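These are the residues of each chain, in order.
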Amino acid sequence: MMKNILLIATGGTIASRSTSNGLTPQLGPGEILEYVPSVQRLCHVDCIQLFNLDSTNILPKHWEAMVKAIEERYDRYDGFVILHGTDTMAYTSAALSYMIQSSPKPVVLTGAQRPIDKEITDAKMNLRDSILYACDDDSHDVVIVFQGHVIAGTRARKIRSKSFNAFSSINFPDVAVISGERIIRYIEWKAGNGPRFYTRLNPRVFTLKLVPGMDAGVIHYLMPYYDALIIESFGVGGIPCYEGDVYMKALEEWTGSKKLLVMTTQVPNEGSDMVIYNVGSRVKRRFDLLEAYDMTPEATVTKLMWLLGTYSDDNEIKKGFYTRINHDLMTV
Ligand SMILES: NC(=O)C[C@H](N)C(=O)O
């Protein structure tokens, strides 16, 4: 029997037309689908348009809208394909991985680096591959399908701003590749017993990228606005101890007001390991902090938004942070 797929349009380059002010999302999902008539042979597709945004403008409330749209229609479809801009797609795929857990049906995000109405475009291949993947019996959970790569929702990172192969899977293999009509699966991955939907997020999570010599006073400034601070430190992880240990004092003030402190690294691959150097281990011993290890920055920030929006108990938040969801964390 033919599968039923829901195509959810949110904007991005795939929906954009050239205007005198640059590329602007204008096409609806029906118009986009017309460029790939071959999908008619694969499945039946229904379309909805939630918004039509350059993904630069995506907010946590848009993630909530995507989740609600899927939850309301979950029983009626075999799979879901979300058309999305590439700029923040890795944040959305991570957020949705926490908000739609253990889904036996696939939720596929895709988009393009060039609009679908251009002669040279990656949009048609990405859309066709995504629908092919969403129709497959062995597909489940949140993934990005892009340029033939299938990447777990928590592992994607935009690594090229212009080329077609824009996404990479960080610290984890591609879960599959798509070659023509074939899906070649690289990892054994069983469907969970969900879905479990979560729609509450707390966006008061700040990511601070350390730069040599940065004024530690910035941490004090963040106090009224944020509940959790993720420090993207250098290398395997550490906090500078120059100038009278101002960073340690700032972090004492931060943690003293019952706010979460999370350490990660700005190095793209292999993650943090704070106990290796004195600059890290002294911080880890001093504070009851969380360490992101091999999680991506996108997964770390959205996981905290989900945890802080869902749980109020500190221990539950800490336990939840170290619980592996959609392949986000392998070290622990
Ligand atoms: N390739 C793209 O989709 C980029 C676009 N600015 C977006 O993220 O919406």
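Residues numbered from 1 in each chain as written. Predicted model: local features only at pLDDT ≥ 70, side-chain atom pairs only at ≥ 80, totals over all residues. Heavy atoms only, no water.

Colleague: I keep staring at the overall build of the protein chain and nothing clicks. Help me out?
Modeller: In terms of helices and strands, the protein chain carries nine helices and 18 strands. Here the C-alpha radius of gyration of the protein chain, 21 Å, is about what a compact globule of 332 residues would show, namely 20 Å. Along the longest, intermediate and shortest principal axes, the C-alpha atoms of the protein chain span 65 × 50 × 30 Å. Burial analysis of the protein chain (332 residues in total) assigns 55% to the buried set. When contacts within the protein chain are restricted to residue pairs at least 6 apart in sequence, long-range pairs at least 24 apart make up 71% of them. Taken as a whole, the protein chain presents about 14,600 Å² of accessible surface, with 49% of it coming from carbon and sulfur. Of the charged side chains in the protein chain, 35 are positive and 38 negative; the average position of the first set lies 1 Å away from that of the second. (Helix = DSSP H or I, 4+ residues; strand = E, 2+ residues; numbered from the N terminus. Rg over C-alpha atoms; globule rule 2.2 N^0.38 Å. Buried < 20%, exposed > 50% of the residue type's maximum accessible area, 1.4 Å probe, protein only. Contact = heavy atoms within 4.5 Å. Areas by Shrake-Rupley, 256 points an atom, 1.4 Å probe, with all protein chains shown as cover. Lys, Arg positive; Asp, Glu negative; His and termini not counted. Charge placed at Lys NZ, Arg CZ, Asp CG, Glu CD.)

Colleague: I'm lost on the packing of helix 8 (residues 297-310) against helix 9 (residues 314-321) in this one. Help?
Modeller: The description of two packed helices rests on the angle between their axes and on the distance between the axes. In contact at an axis separation of 10 Å, helix 8 and helix 9 are set at 145° when each is read in the N-to-C sense. The two elements helix 8 and helix 9 meet at a crossing, and its hand is right-handed. Of the residues in helix 9, those touching helix 8 at Thr 300, Lys 303, Leu 304, Leu 307 and Leu 308 are Ile 317, Gly 320 and Phe 321. Each residue belonging to the contact of helix 8 with helix 9 can be placed in one class, and the counts come to five nonpolar, two polar and one charged. (Axes fitted to C-alpha atoms, helices over the stretch in contact; angles between N-to-C directions. Left-handed = near helix turned anticlockwise from the far one by under 90°. Nonpolar A, V, L, I, M, F, W, Y, C, P; charged D, E, K, R; others polar.)

Colleague: Looking at this structure, I do not really get the site of the ligand. What am I missing?
Modeller: Around the ligand sit Gly 12, Thr 13, Asp 54, Ser 55, Gly 85, Thr 86, Asp 87, Ala 112 and Gln 113, and those are all the residues in its vicinity. With respect to the ligand, the side chain of Thr 13 contributes an N or O atom lying 2.9 Å from a nitrogen atom. Here a nitrogen atom of the ligand and a backbone polar atom of Ala 112 are 2.8 Å apart. The protein chains hide 90% of the 270 Å² of surface that the ligand would expose on its own. (Near = heavy atom within 4 Å. Polar contact = N/O pair within 3.5 Å; in protein donor to acceptor, adjacent residues only side chain to side chain.)

Colleague: For this particular structure, what's the right way to read the sheet that holds strand 18 (residues 290-291)?
Modeller: The strands that make up a sheet pair up through hydrogen bonds in the backbone, lying either parallel or antiparallel. Strand order in this open sheet of four strands is 15-16-17-18, and the pairing throughout is parallel. The open sheet is flanked by strand 15 (205-209) and strand 18, the only strands paired with a single partner. The pairing of strand 16 (residues 228-233) with strand 17 (residues 260-265) spans six bridges and is parallel. Directly across from Ala 228, in strand 17, lies its bridge partner Leu 260. (Pairing = 2+ DSSP bridges.)

Colleague: Honestly, the nonpolar core in this entry has me stumped. Any pointers?
Modeller: The tendency in soluble globular proteins is for nonpolar side chains to be buried side by side. By size, the foremost hydrophobic cluster in this structure holds 53 residues, and its most contacted members are Trp 63 and Phe 167. Summarising the domain contributions, this core has at least three residues from each of domain 1 (3-197) and domain 2 (205-321). Excluding residues within four positions of it along the chain, Trp 63 makes contact with Ile 58, Tyr 91, Thr 92, Ala 95, Leu 96, Met 99, Leu 201, Thr 302 and Met 305. By size, the runner-up hydrophobic cluster in this structure holds 32 residues, among which are Ile 14, Tyr 133, Val 145 and Trp 189. (Core = buried A, V, L, I, M, F, W, Y, C linked by side-chain atoms within 4.5 Å. Domains from an automatic or database assignment.)

Colleague: What exactly am I supposed to notice about the pairing of strand 15 here?
Modeller: One face of the sheet, then the other: side chains in a regular strand alternate in exactly this way. In this structure, strand 15 lies alongside strand 16, joined through five bridges in parallel fashion. From the neighbouring strand, Lys 209 faces strand 16, where its bridge partner is Glu 232. You can see the chain leave strand 15, run along helix 5 (residues 217-222) and come back into strand 16, and the turn it takes is right-handed. (Right-handed = clockwise from strand over helix to strand, strands pointing away.)

Colleague: What is the right way to look at the sheet that holds strand 9 (residues 149-152) in this model?
Modeller: Spatially, eight strands are ordered 4-1-5-7-8-9-12-13 in an open sheet, and the strand pairing comes out mixed. Each having just a single partner strand, strand 4 (43-53) and strand 13 (182-185) make up the two edges of the open sheet. Across the sheet, the mean angle from the axis of one strand to that of its neighbour is 25°, orientation sign disregarded. Here five bridges tie strand 1 (residues 3-11) to strand 5 (residues 79-83), and the two strands are oriented parallel to one another. Bridge pairing in strand 5 links Leu 7 to Val 81. With respect to the sheet, helix 2 (residues 60-73) is in contact with strand 1, strand 4, strand 5 and strand 7 (106-110), its orientation differing from that of strand 4 by roughly 155°. Helix 3 (residues 89-99) rests against strand 5, strand 7 and strand 8 (141-146) of the sheet, and its axis sits at about 160° to strand 8.

Colleague: I tried to follow the domain arrangement of the protein chain on my own but got confused; where do I start?
Modeller: In many analyses, interface size is given as the accessible surface area lost on bringing the parts together. The domains assigned to the protein chain are domain 1 (3-197) and domain 2 (205-321). The C-alpha centroid of domain 2 is placed 31 Å from the C-alpha centroid of domain 1. Residue-level contacts link 14 residues of domain 1 with 15 residues of domain 2. Together, the buried faces of domain 1 and domain 2 total about 1,200 Å²; carbon and sulfur atoms form 59% of this surface. Of all residues in domain 1, the largest losses of buried area upon contact with domain 2 belong to Tyr 98, Arg 157 and Asn 171, amounting jointly to 45% of the total for that side. The interface formed by domain 1 and domain 2 holds two salt bridges in total. Its salt-bridge partner being Asp 294, residue Arg 155 comes within 2.7 Å of it at the nearest N-O pair. At the junction of domain 1 and domain 2, the tally comes to five residue pairs in polar contact (both at pLDDT 80 or more). Looking at the side of domain 1 that touches domain 2, the elements with two or more residues in it are helix 2, helix 3 and strand 10 (156-158). (Buried area = accessible area lost by both parts, 1.4 Å probe. Salt bridge = Lys/Arg side-chain N within 4 Å of Asp/Glu carboxyl O.)

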